[in-house]
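Below are the chains, spelled out letter by letter.
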Amino acid sequence: MKKILLTCTAFAMAMASWAQVPKADVLDVVFNADGTATDVSEMANEISAVGTPKIVTSDRFGMNVLCTASENNGGQTDNTFIIPMTEQIWNAIVDGHTMECFVRPFWEGGLNKKGWSTVMGFQQTGGAGLLLYYGEWCYEPHIGGSYHDAWGGAPEFKEWAHVVGVMDGENNCTKIYVNGKLMQTLETSGELGRPNVSINPFIALAGDLSSSGVVEAGFTGDMAIARMYSKALNDEEVQALYNEIKSKDTGAEDHQEEGKFPNLRYDEKGAVIIETPEDMRDFALLSKVAPYTNAEVVADIDYTGYNENISYYGSNAYAAVFNGNGHTITVNFDFSGTETTGFVADAVNGAVIKDLTLEGNVKADQKWCGILFGENYGATAQNITIRANLHSDYAGACYNGVLSGWDEKTCTYENIIIESTLSGAGTYMGGLIGDVAGTTYLKNVLVVTDANVDDKTQNSPLIAKPRSGANFDNVYFVNKGGLELSIGGATEITMDEVNSGAACFMLNKGNITNPVFYQNIQEDDFPTLNP
């Protein structure tokens, strides 16, 4: 009798739990098999497709889902849905609301990349969003004049997660829940700030509102649920939503996606393995949306058939480690029409380019272009050899340079060998760097600069515009081209000293026990970083 009573009690409690499942009154998106989406909330908001959204079936949960696994993680998303931010929606959420998503994240290589992508959002100096932000779930509303980040812990690769963000205006707090569990509560007060855009604002799925009207900060993965409520849900209501989802779990295997770069391979630490020109191209494309991705070069690569370089200038600048492992990449870049670019267009603090040889040719007709970096914004280059030519068709001061067009913040170059030719109409080109606007440290460097330029008086074998931030430590140069501009604080030597091994000895500071530079006098006319 007792057992029967307990069973009945448990059943009653379960029924009570189901009865408490709240109904989304602002937005409740259902994805249709024909590639459309419908809002089944009482507002029945218009939903517009961007591009051609991909709808697949989740056999595990018996729902159609929006699949963005092949979109640009953290970048512009071309195939998704948006909902116009009407006054009816805004008035319903400004004082308090709840955002709910059920999503399965996907990122290249199965690793949680650093950076920022939006699961569902309408942010632009205002608004709110559910995010994957620097490796964690995050709910970020703009309340009382500033953003507030409630953190929900790290996601699991290709594992479904129920993520709920709550703005509770009545109790002056902001909360985030993951899989029914309250993860963090913040004290907040004030109204939700309006997105600051000149266009008509919208709520984006698998992405965020932008000032230009595109969907940015894209989320890659699956989305089964996207809902909004006009009130702040409590713990029990959020748990009831999660319980309802769990009840639909059949345990079946879900569909599999290859992602945007299905042929890329990763090592055990998550670095991309670069073995072929196609690997290099795909990594370059990936770096533009996942700039924290490390790379390991495992073979010499003839990259002359491709013009795709690493990162973008000013947006998603490279911030990881590119390890050449002593290999050579041969390039034939034509950067005509593009300002501030190079093998790495832009690199920031945390980026390290090391143990790499670059050979070939780089052509530019804009400012601040380089063979290695377009802009170095605090990165480090170690054990780099460059045997390449830099040609500029820019009619005026272009500030192009072999190592970098533009250095800012604190930049470090250590153990560098350069043998290059500067050519073309451009002025203020440098055999090392175009313009140093921050603090640049150059240590153990040999640069041999030839020239075929229109004006030798306005180009430099070292730094075209050094200002006061260039620091030279054990730096030697050969001015084969007779360039006359800003020699700077390096030591001028002759080709005889290079060929005889004297320069190699000086670069090693006389250390023959553990040298960094090597040269076989009988065979080598030039020092090398590889014995």
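Read on for an overview of the structure.

### Topic: the layout of surface pockets
The rolling of a water-molecule-sized probe over the atoms marks out the regions of remaining empty space. Volume-wise, the second largest pocket comes out at about 270 Å³. Lining of the second largest pocket is provided by 18 residues; of these, Asp28, Val30, Ile225, Arg227 and Lys248 occupy positions nearest its centre. Mapped onto the lining of the second largest pocket, the elements with two or more residues apiece are β1 (27-31), β5 (63-67), β17 (221-229) and α3 (235-246). Classifying every residue of the lining of the second largest pocket by side-chain character gives 12 nonpolar, one polar and five charged.

### Notes on the nonpolar core
One recurring pattern in soluble globular proteins: nonpolar side chains tend to sit buried together. Judged by nonpolar contacts, the single largest core of 64 residues is most densely connected at Phe322, Ile329, Phe343, Leu372, Ile386, Leu403 and Leu432. Other than its neighbours up to four places away in sequence, leucine 372 contacts Gly342, Phe343, Val344, Ile353, Leu358, Ala381, Ile384, Ile386, Val402 and Leu403. Ranked by size, the runner-up nonpolar core spans 45 residues in total, among them Leu130, Tyr139, Val163 and Ile176.

### Quick look at the pairing of β1
In terms of residue burial, β1 counts as a mostly covered element, since four of its five residues are buried. Direction of pairing for β1 relative to strand β2 (residues 37-39): antiparallel, over a ladder of three bridges. By the bridge assignment for β2, valine 29 is matched with aspartate 39. What sits between the antiparallel neighbours β1 and β2 is a turn of five residues, in which glycine 35 has the positive phi angle 90 degrees.

### Some points on empty space enclosed by the protein
Scanning the model with the defined rule gives two cavities of 30 Å³ or more in all. Roughly 90 Å³ of volume is contained in the largest cavity. The wall of the largest cavity is formed by 14 residues, among which Glu71, Asn73, Glu108, Leu286 and Val289 lie closest to the centre. Considering only enclosed or pocket space, the second largest cavity measures out at about 50 Å³ in volume. Elements represented by at least two residues in the lining of the second largest cavity include exactly β7 (97-105) and β17.

### Some thoughts on the pairing of strand β22 (residues 321-334)
With two bridges connecting them, strand β20 (residues 295-297) and β22 associate as parallel partners. Following the sheet pairing, alanine 295 is matched in β22 by phenylalanine 322. Of the pairings in the sheet, the one linking strand β21 (residues 301-302) to β22 comprises two bridges and is parallel in character. Opposite isoleucine 301, over in β22, you have isoleucine 329 as the bridge partner. The sheet contact formed by β22 and strand β24 (residues 352-364) spans 11 bridges and is parallel. Counterpart to valine 321 in the pairing with β24 is valine 352.

### A short note on helix α4 (residues 277-287)
Inspection of α4 places Asp279, Met280, Asp282, Phe283, Ala284, Leu286 and Ser287 among the buried residues, and these make up the whole buried set. In this structure, the buried residues of α4 make contact with β18 (265-266), β19 (272-274), β20 and β22.

### Considering α3
Compared with the 16 Å implied by 1.5 Å per residue over 12 residues, the 17 Å span of α3 between its first and last C-alpha is a close match. Considered for burial, the residues of α3 that qualify are Glu237, Val238, Ala240, Leu241, Tyr242 and Ile245. Of the residues flanking the start of α3, the one acting as N-cap is asparagine 234, its side-chain oxygen 3.1 Å from the backbone nitrogen of glutamate 236.

Parameters at a glance
- Residues numbered from 1 in each chain as written.
- Predicted model: local features only at pLDDT ≥ 70, side-chain atom pairs only at ≥ 80, totals over all residues.
- Heavy atoms only, no water.
- 1 Å grid on protein atoms, 1.4 Å probe; cavity = no way out; pocket = protein on both sides within 12 Å on 5 of 7 lines; lining within 4 Å.
- Points joined across faces, edges and corners; volume = space filled by probe spheres on them.
- Helix = DSSP H or I, 4+ residues; strand = E, 2+ residues; numbered from the N terminus.
- Nonpolar A, V, L, I, M, F, W, Y, C, P; charged D, E, K, R; others polar.
- Core = buried A, V, L, I, M, F, W, Y, C linked by side-chain atoms within 4.5 Å.
- Buried < 20%, exposed > 50% of the residue type's maximum accessible area, 1.4 Å probe, protein only.
- Contact = heavy atoms within 4.5 Å.
- Pairing = 2+ DSSP bridges.
- Expected span 1.5 Å × (residues − 1).
- Polar contact = N/O pair within 3.5 Å; in protein donor to acceptor, adjacent residues only side chain to side chain.

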